Amino acid sequence: MNDMYLKFGISEAVLAYADKTEQGLTERFKAIDRNAEYCQLKVIKAMQEHRVSEGCFEGSTGYGYNDLGRETLEAVYASVFHAEDALVRAQITCGTHALALAMAANLRPGDEILSPVGKPYDTLESVIGIKDAPGSLKEFGITYRQVDLNPDGSFAFDRIREAIRENTKLIEIQRSKGYATRPTLSVERIGELISFIRSIKPDVICMVDNCYGEFTEPIEPTDVGADLCVGSLIKNPGGGLAPCGGYIVGKKEYIEQCAYRLTSPGLGKEVGASVGLNRNFFQGLFLAPVVTAGALKGAIYAASLYEGLGFPVVPNGTEPRYDIIQAVTLGSREGLLAFCKGIQAAAPVDSYVTPEPWDMPGYSDQVIMAAGAFYQGSSIELSADGPLCEPYNVYFQGGLTWYHAKLGVLMSLNEMAKAGLIRL
Ligand SMILES: *Cc1c(COP(=O)(O)O)cnc(C)c1O
């Protein structure tokens, strides 16, 4: 086996260190496999219950009326998430769009959004209007309030109680830490938060940004009271086979509003051609639990290896995980560049290019990104990125297979070693 790794230019020293670390992860990996097994069964059961058939793979065109595949897919998603209804569409362009859609569809002028878990994901700042942007919800008279987590990561229940007003209509709860340093929320904790909020205002809409969290646990936020649960198909639930798209699952009345907003009042869910994508969406969902498990193993492997070398990692190698993102504080510009170079060099696509920092719109510092993906921007595929500023954090995620994630982490270590940034 090591001969194969040597062919990728990985040194004996890197391999020896990594082998020792991997041996210590056996129990961890077993637990991930058990969760994947449970989620796999959950998906298959839903597909059987809704009688997925060959006919579901035929796509519609034009208006997309009577699209058996699309309708069945949405029923399957609703079942997997134990929700009343679902909207799963290629026309939802990404996770940000899905979240913007869910909010815009269910809010009216004068309503207020509350985030009880601190600042939401970067792209939502423009959506909500935290940062002025054309077309933001703020322009439509929708206001926003935020309560940060306590310094120890716990919910600030008293401040949340005070922040819930007469016009608080929707609660935005982000499951994953995203690119922040707060802990990712377990589904159980999301459930506690929703129960608390319900006890104060029963009719509020509890929406969870589920990006990167799907299938990392046996239950999903809709199992603990979320009214809406939203995510991207080029992350976990697309299983690497969905080339684009987003999903919203939850209460029927709120999903209907989303459909009217996505297409048009009066049309709703009845239109929206699936073109040729139904098969990808079904097969991707089918594979998603196992793909997510591979990504989780890669994240734990990276955490353990880098932690062992003294780099701060979030989460660490032993704590429980509720999303697939791994942050490593590399501490130097050279470290960040070397890490990303290694991830790129391990890719099945574009392995021969060297990622360079660039001025990405909307970011104050230059950003470097490594990805050699089959689908553009797909972050269930092995990818890494980070802003070129102190403390030089890299955010690493994905890997359609554990073996590819492993190769990526090894290549990153190897680049770090070649640059003299680690000693083994
Ligand atoms: C990725 C992500 C989004 C946005 O998804 P895009 O598909 O990149 O628009 C929103 N929230 C969280 C937590 C995410 O990880």
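Conventions adopted
- Residues numbered from 1 in each chain as written.
- Predicted model: local features only at pLDDT ≥ 70, side-chain atom pairs only at ≥ 80, totals over all residues.
- Heavy atoms only, no water.
- Pairing = 2+ DSSP bridges.
- Helix = DSSP H or I, 4+ residues; strand = E, 2+ residues; numbered from the N terminus.
- Contact = heavy atoms within 4.5 Å.
- Axes fitted to C-alpha atoms, helices over the stretch in contact; angles between N-to-C directions.
- 1 Å grid on protein atoms, 1.4 Å probe; cavity = no way out; pocket = protein on both sides within 12 Å on 5 of 7 lines; lining within 4 Å.
- Points joined across faces, edges and corners; volume = space filled by probe spheres on them.
- Buried < 20%, exposed > 50% of the residue type's maximum accessible area, 1.4 Å probe, protein only.
- Core = buried A, V, L, I, M, F, W, Y, C linked by side-chain atoms within 4.5 Å.
- Patch = residues over 30% accessible without salt bridge, like charges linked within 9 Å, V, L, I, M, F, W, Y side chains within 5 Å.
- Areas by Shrake-Rupley, 256 points an atom, 1.4 Å probe, with all protein chains shown as cover.
- Salt bridge = Lys/Arg side-chain N within 4 Å of Asp/Glu carboxyl O.
- Domains from an automatic or database assignment.
- Buried area = accessible area lost by both parts, 1.4 Å probe.
- Polar contact = N/O pair within 3.5 Å; in protein donor to acceptor, adjacent residues only side chain to side chain.

A. Structural detail: the sheet that holds strand 12 (residues 393-397). Here we have five strands laid out as an open sheet, ordered 8-9-12-11-10, and antiparallel in their pairing. Of all the strands in the sheet, the pair left with one neighbour each is strand 8 (313-314) and strand 10 (367-371). Pairing analysis gives four bridges linking strand 9 (residues 326-329) to strand 12, with the strands arranged antiparallel. The partner of Ala327 across the bridge, within strand 12, is Tyr395. Across the sheet, helix 10 (residues 278-308) is in contact with strand 8, strand 9 and strand 12; its angle to strand 9 comes to roughly 20 degrees. Docked against the sheet, helix 11 (residues 333-345) engages strand 10, strand 11 (383-387) and strand 12, running at close to 20 degrees with respect to strand 10.

B. Examining unusual backbone geometry more closely. Cis geometry marks the peptide bond from Val314 to Pro315; its omega dihedral reads -10 degrees. Cis geometry marks the peptide bond from Glu390 to Pro391, where omega comes out at 0 degrees. The phi angle at His82 is positive, at roughly 50 degrees, despite the residue not being glycine. Structurally, His82 can be placed in the loop between helix 4 (68-80) and strand 1 (85-89). Phi is positive for Asp350, close to 60 degrees, though the residue is something other than glycine. Looking at the element boundaries, Asp350 is found in the loop between helix 11 and strand 10.

C. Main features of the side chain of Ser186. Here Ser186 lies in the loop between strand 4 (168-174) and helix 8 (187-200). If sequence neighbours within four positions are ignored, Ser186 has contacts with Glu217 and Tyr322.

D. Representation of empty space enclosed by the protein. For the structure shown, the criterion picks out two cavities of 30 Å³ or more. Within this model, the largest cavity holds a volume of roughly 40 Å³. Lining the largest cavity are Arg70, Leu73, Val88, Arg89, Ala90, Gln91, Gly272, Ala273, Ser274, Asn278 and Phe281. Counting residues per element, the ones that place at least two in the lining of the largest cavity are helix 4, strand 1 and helix 10. In terms of lining residues, the second largest cavity is bounded by Asn2, Tyr5, Leu15, Ala18, Asp19, Tyr301, Lys406 and Leu410.

E. Structural detail: the pairing of strand 2 (residues 112-115). Of the two faces of strand 2, the one holding Glu112 and Leu114 and the one holding Ile113 and Ser115 are both buried throughout. Examined bridge by bridge, strand 2 and strand 3 (residues 143-146) share four bridges and lie parallel to one another. Across the sheet, Ile113 pairs through a bridge with Tyr144, a residue of strand 3. Where strand 2 lies against strand 4, three bridges are found, and the strand directions are parallel. Bridge pairing in strand 4 places Ile113 opposite Leu170.

F. Layout of the nonpolar core. Ranked by size, the top nonpolar core spans 53 residues in total, and within it Tyr306 and Leu330 carry the most contacts. For this core, the leading source of residues is helix 10, giving 10 residues. Discounting chain neighbours no more than four positions away, the residues touching Leu330 are Tyr306, Phe311, Gly335, Leu336, Phe339, Pro391, Tyr392, Val394 and Met416. Residues Leu87, Ile205, Leu228 and Ile255 belong to the second largest nonpolar core, which totals 28 residues.

G. Examining a nonpolar patch on the surface more closely. Side chains of Tyr63, Tyr65 and Leu267 sit close together on the surface and give an oily, nonpolar patch of about 350 Å² of accessible area. Tracing the sequence through the fold places Tyr63 in the loop between helix 3 (26-49) and helix 4.

H. Structural detail: the domain arrangement of the protein. Partitioning the protein into structural domains gives domain 1 (2-40 + 286-418) and domain 2 (57-275). At the interface, 28 residues of domain 1 touch 27 residues of domain 2. For the pair domain 1 and domain 2, the summed buried area comes to about 2,300 Å², and 62% of that belongs to carbon and sulfur atoms. The tally of links between domain 1 and domain 2 comes to one salt bridge. Seen at the junction of domain 1 and domain 2, the total is 11 residue pairs in polar contact (both at pLDDT 80 or more).

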